[in-house]
Amino acid sequence: MSGMNCAFLKDSWQLIREYWCSEEKGQAWGLTAVIVTLNLAHVYLLVLFNIWYNRFYNALQNLDKEEFSSALGEFSILAAIFIIVAVYELYLQQKLEIKWRRWLTKKYLVNWLQNQTYYRLLLVDNNTDNPDQRISEDLQLFTNYTLRLSMGLLKAIATLAAFVAILWQLSGILTIPFGSMQVDISGYMVWVAIFYAVIGTWLTHKIGKPLIKINFDQQRYEADFRFSLVRLRENCESIAFYSGESREEKLFLGRFACVVDNFRKFMKRQKQLTWFTSGYGQIAIIFPVLVAAPRYFAKEMQLGGLLQTMSAFGKVQDALSFFVDSYPLLAEWKSVVERLTGFVRNMHKVGELSGIGAKVEMTEAQQLVVSGLSVCLPGGRPLLSNLSLSLSSGESLLVAGPSGSGKSTLLRTLAGLWPYAQGTMAVPQKKDFLFLPQKSYLPLGTLREVLLYPGSKRQVTDEEIGAAMALCKLDWLRGNLNRLEDWSHVLSLGEQQRIAFARALIQKPKWLFMDEATSAMDEPAERAFYTLLRERLPGTVIISVGHRGTLTCHHKKKLTIDGNGCWNVLNL
Ligand SMILES: Nc1ncnc2c1ncn2[C@@H]1O[C@H](COP(=O)(O)OP(=O)(O)OP(=O)(O)O)[C@@H](O)[C@H]1O
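Note that the structure is predicted; figures quoted are calculated from it, not measured. (Residues numbered from 1 in each chain as written. Predicted model: local features only at pLDDT ≥ 70, side-chain atom pairs only at ≥ 80, totals over all residues. Heavy atoms only, no water.)

A. Spatial organisation of the site of the ligand. Taken together, 15 residues are adjacent to the ligand, and Ser403, Gly404, Lys407, Ser408 and Thr409 come closest. In this structure, Ser403 approaches the ligand through a side-chain N or O atom, which is 2.7 Å from an oxygen atom. One of the side-chain N or O atoms of His547 is found 2.9 Å from an oxygen atom in the ligand. In the complex, the protein chains occlude 64% of the 640 Å² of accessible area that the ligand would expose alone. (Near = heavy atom within 4 Å. Polar contact = N/O pair within 3.5 Å; in protein donor to acceptor, adjacent residues only side chain to side chain. Areas by Shrake-Rupley, 256 points an atom, 1.4 Å probe, with all protein chains shown as cover.)

B. Spotlight on the packing of aromatic side chains. Taken as a whole and judged by the stated rule, the model has 33 aromatic pairs. Relative to Trp333, the ring of Phe8 has its centre 5.9 Å away and its plane inclined at 90 degrees; by these criteria the two rings are edge-to-face. Of this pair, Phe8 sits in helix H1 (residues 6-20) while Trp333 is found in helix H10 (residues 327-354), placing the two residues 325 residues apart along the sequence. Using a relative accessible area of 10% as the deciding quantity, one classes Trp333 as buried. With centroids separated by 6.4 Å and ring planes inclined at 20 degrees, the aromatic side chains of Tyr19 and Trp100 adopt a geometry described as stacked. Pair noted here: Tyr19 is in helix H1 and Trp100 is in helix H3 (residues 65-113), with a separation of 81 residues, a long-range link. Trp100 matches Tyr19 in its accessibility class, with the two residues each being buried. Each residue in the set Phe49, Trp52, Tyr53, Phe56, Tyr57, Phe68, Phe75 and Phe82 is aromatic and connected to the rest through ring pairs, giving one cluster. Over the face of the ring belonging to Phe8 we find Lys334, whose NZ or CZ atom lies 5.6 Å from the ring centre. (Phe/Tyr/Trp six-rings, centres within 6.5 Å; stacked < 30°, edge-to-face > 60°. Helix = DSSP H or I, 4+ residues; strand = E, 2+ residues; numbered from the N terminus. Buried < 20%, exposed > 50% of the residue type's maximum accessible area, 1.4 Å probe, protein only. Lys NZ or Arg CZ within 6 Å of the ring centre and 35° of its normal.)

C. Quick look at the packing of helix H5 (residues 131-171) against helix H6 (residues 188-234). Contact pair H5 / H6: the axes reach a minimum separation of 7 Å and the direction vectors enclose 130 degrees. Taken together, the axes of H5 and H6 are oblique relative to one another. Where H5 abuts H6, its residues Val164, Leu167, Trp168, Leu170 and Ser171 lie against Tyr188, Met189, Val190, Trp191 and Ala193. (Axes fitted to C-alpha atoms, helices over the stretch in contact; angles between N-to-C directions. Parallel < 35°, antiparallel > 145°, perpendicular 65-115°, else oblique. Contact = heavy atoms within 4.5 Å.)

D. Quick peek at the packing of helix H13 (residues 462-471) against helix H15 (residues 493-507). At a minimum axis separation of 9 Å, H13 and H15 run at an interaxial angle of 135 degrees. It follows that H13 is oblique to H15 by the angle criterion. Relative to H15, H13 is oriented so that their crossing is right-handed. Of the residues in H15, those in contact with Glu464, Ile465, Ala468 and Leu471 of H13 are Ala502, Leu505 and Ile506. Of the residues in the contact of H13 with H15, the class split is six nonpolar, no polar and one charged. (Left-handed = near helix turned anticlockwise from the far one by under 90°. Nonpolar A, V, L, I, M, F, W, Y, C, P; charged D, E, K, R; others polar.)

E. Up close: a nonpolar patch on the surface. A contiguous nonpolar patch, built from Ile83, Ile84, Val87, Tyr88 and Tyr91 and spanning about 530 Å² of accessible area, is present on the exposed surface. By the element assignment, Ile84 lies in helix H3. (Patch = residues over 30% accessible without salt bridge, like charges linked within 9 Å, V, L, I, M, F, W, Y side chains within 5 Å. Salt bridge = Lys/Arg side-chain N within 4 Å of Asp/Glu carboxyl O.)

F. How the structure looks around the side chain of Gln317. Within the secondary structure, Gln317 is located in helix H9 (residues 303-325). Here Gln317 falls in the buried class, since its relative accessible area comes to 8%. Contacts of Gln317, omitting those with residues within four sequence positions, involve Tyr196, Ala197, Tyr280 and Ala284.

G. Structural detail: H3. The first and last C-alpha atoms of H3 sit 71 Å apart over 49 residues, in line with the 72 Å expected at 1.5 Å per residue. One or two residues past the end of H3 sits Asn115, with phi positive at roughly 50 degrees. (Expected span 1.5 Å × (residues − 1).)

H. Region of the structure containing the sheet that holds strand E14 (residues 567-571). Read from one edge of the open sheet, six strands run E8-E11-E12-E6-E13-E14, paired in mixed fashion. At either margin of the open sheet sits one strand with a lone partner, and together these are strand E8 (433-436) and E14. Put simply, the sheet's adjacent strands are angled 15 degrees from each other on average, direction ignored. Helix-sheet contacts for helix H11 (residues 407-414) involve strand E6 (396-400), E8, strand E11 (511-515), strand E12 (541-545) and strand E13 (557-561), and the interaxial angle to E11 is about 155 degrees. Seen against the sheet, H15 touches E8 and E11 and runs at an angle of roughly 170 degrees to E8. (Pairing = 2+ DSSP bridges.)

I. Structural view of the pattern of salt bridges. Tallying each qualifying case throughout the model produces 15 salt bridges. The closest approach of N and O atoms between Glu89 and Lys155, which form a salt bridge, is 2.6 Å. Taken together, the positions of Glu89 in helix H3 and Lys155 in helix H5 put the pair 66 residues apart, joining distant regions of the chain. Overall, the relative accessible area of 7% leaves Glu89 in the buried class. Several salt bridges share partner residues, and in doing so they unite Arg55, Glu67 and Glu74 into one network.

J. Structural context of the nonpolar core. Ranked by size, the top nonpolar core spans 40 residues in total, and within it Trp100, Tyr108, Phe142 and Trp333 carry the most contacts. Counting residues in hydrophobic clusters, the runner-up holds 36 residues, among them Met469, Leu491, Leu505 and Tyr530. (Core = buried A, V, L, I, M, F, W, Y, C linked by side-chain atoms within 4.5 Å.)

K. Quick peek at the pairing of E6. For E6, the tally of buried residues reaches five of five residues, placing the bulk of the element in the interior. Strand direction decides the pairing type here: E6 and E12, joined by four bridges, are parallel. Looking at E12, one finds that Leu398 is bridged to Ser544. Pairing of E6 with E13, which is carried by four bridges, proceeds in the parallel orientation. Bridge pairing links Leu397 to Lys557 in E13.

L. Focus on the environment of Gln429. By secondary structure assignment, the location of Gln429 is in the loop between strand E7 (421-428) and E8. Along the chain, Gln429 and Lys510 lie 81 residues apart, while their C-alpha atoms are 9.5 Å from each other.

M. View of the environment of Thr175. Mapped onto the secondary structure, Thr175 falls in strand E1 (residues 173-178). In the structure, Thr175 is positioned 13 residues away from Tyr188 in sequence and 9.8 Å away in space, judged by C-alpha atoms. Aside from chain neighbours lying at most four places away, what touches Thr175 is Gln182, Val183 and Asp184.

N. Summary view of the domain arrangement of the protein chain. Taken as a whole, the protein chain is organised into domain 1 (6-354) and domain 2 (359-571). Here the C-alpha centroids of domain 1 and domain 2 sit 54 Å apart. Of the residues lining the interface, six residues belong to domain 1; the matching set on domain 2 comes to eight residues. At the boundary of domain 1 with domain 2, total buried surface from both sides reaches about 680 Å², with 55% on carbon and sulfur atoms. Linking domain 1 with domain 2 are zero salt bridges. Partitioned by chemical class, the residues of the side of domain 1 that touches domain 2 number three nonpolar, one polar and two charged. (Domains from an automatic or database assignment. Buried area = accessible area lost by both parts, 1.4 Å probe.)

Okay, structure coming up:
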């Protein structure tokens, strides 16, 4: 397989070993040891079954009733043990899989969420598309494929070793006349089995290889099709207003056509492969008999030996086929490992990015002091140069400037989200901040959870929530605090902005950042809300971003930026 180089193997080993070196290593090693033992026991039982074949069919051939019943008794014991081993082999492997996946998922989730990595990942020019898919799907595939491949490999090696030895013993020495001489071949059936399996698997590989890419494409086309349908559901209202159904239908059908076209390729190739594998499977039934027949007819072997040979031949062939049968799985496993290592690498890269941001000091003082702050775009274009500013308790600042001048980016920088900045900032504790964007985030959950988002350490009573809702003219929703809903689809944009204001009144932040948070309200409502904020939260520092001239009278200072680095601060 191309690309299975040292660096890749090192990366995969790194991904695998973490769990076995973690705080759960006791359980991990314990389960692994039991699963390996069960796998080896499985192979050992196959060997015992193979020997049993000899005994049972010889008893049949010799019309030996006593031996026949004793062989039946042995079979019952072997079968019972085999069933127990097979059940626990699978059960414990799945148990290890889910424990490993749970550990990995938790670790990836923590890394993805900490230091706002999920947000910063968007800023890095990289190929981490769909981090959600990495965490939900790739980790599941990784744990599943790794266990299947490693246990399969172990079983294949053990089976091959055991049955090659049996087959060698059963083969005896075949003497072939060669002119006037005689050539003795030891273990000839082993050589024939290896030859047969290698030729068969090589041909399967030749015919089936294109299926790997076809399968891969199929998954991608299916995902693209599904994604376009999800986009419609998420944007159904806008599409309905635009009457964009025919454009959407064209897109859906276009994407679905790719699914169908690729599936046709899959069918065609699968058909060729089935021609071959069915023929190969049929020949495999009779081929070992033909190979063992010379010894049987020479009376060097009984019926039991013949059947034992057939079974051993099949096992050697199965074990050898494992390597090629696992080829598609190995190819998928490789791409899963590459996606996960890429994801981990980008998360590290984002961690390093935070080091190039402005120097941020967390202060106990209720003051925000910015000095010599320069903010630029990822490409280096400056948005703001050398800004110095200070704000203390009860003050308010309006940030104004043309669209695209960097107003929101300044808020991102003050919140420590934007890494492309230099200078120093002394900022109060993050827990005292509350951000109200234009379109507030309403999490899935009850209305109470939405209003208390992201969660308050202090106990908030329903009366307090109700009072804040009344002040924000949301009385009619008061009876819905326990209702579970996708509130972002139920409430209007103006109502969502009022929910955000109610959040501010309930959570009483010391620092309130508002990015066009009143854009969906009329001017009297905007005035009423700012007055309310000043009355209820007199000590809170308010920093607003907005275009409306009416906002000016609610602030004490105004920072105007032009988007090319220049700025000025006015006391109002
Ligand atoms: N992640 C990003 N990568 C690259 N450029 C970005 C990114 N986010 C924002 N920008 C660019 O930064 C500039 C400032 O954007 P910002 O959102 O801060 O403007 P704004 O002044 O708030 O605009 P508006 O008034 O329209 O909301 C814009 O040119 C925008 O395209």
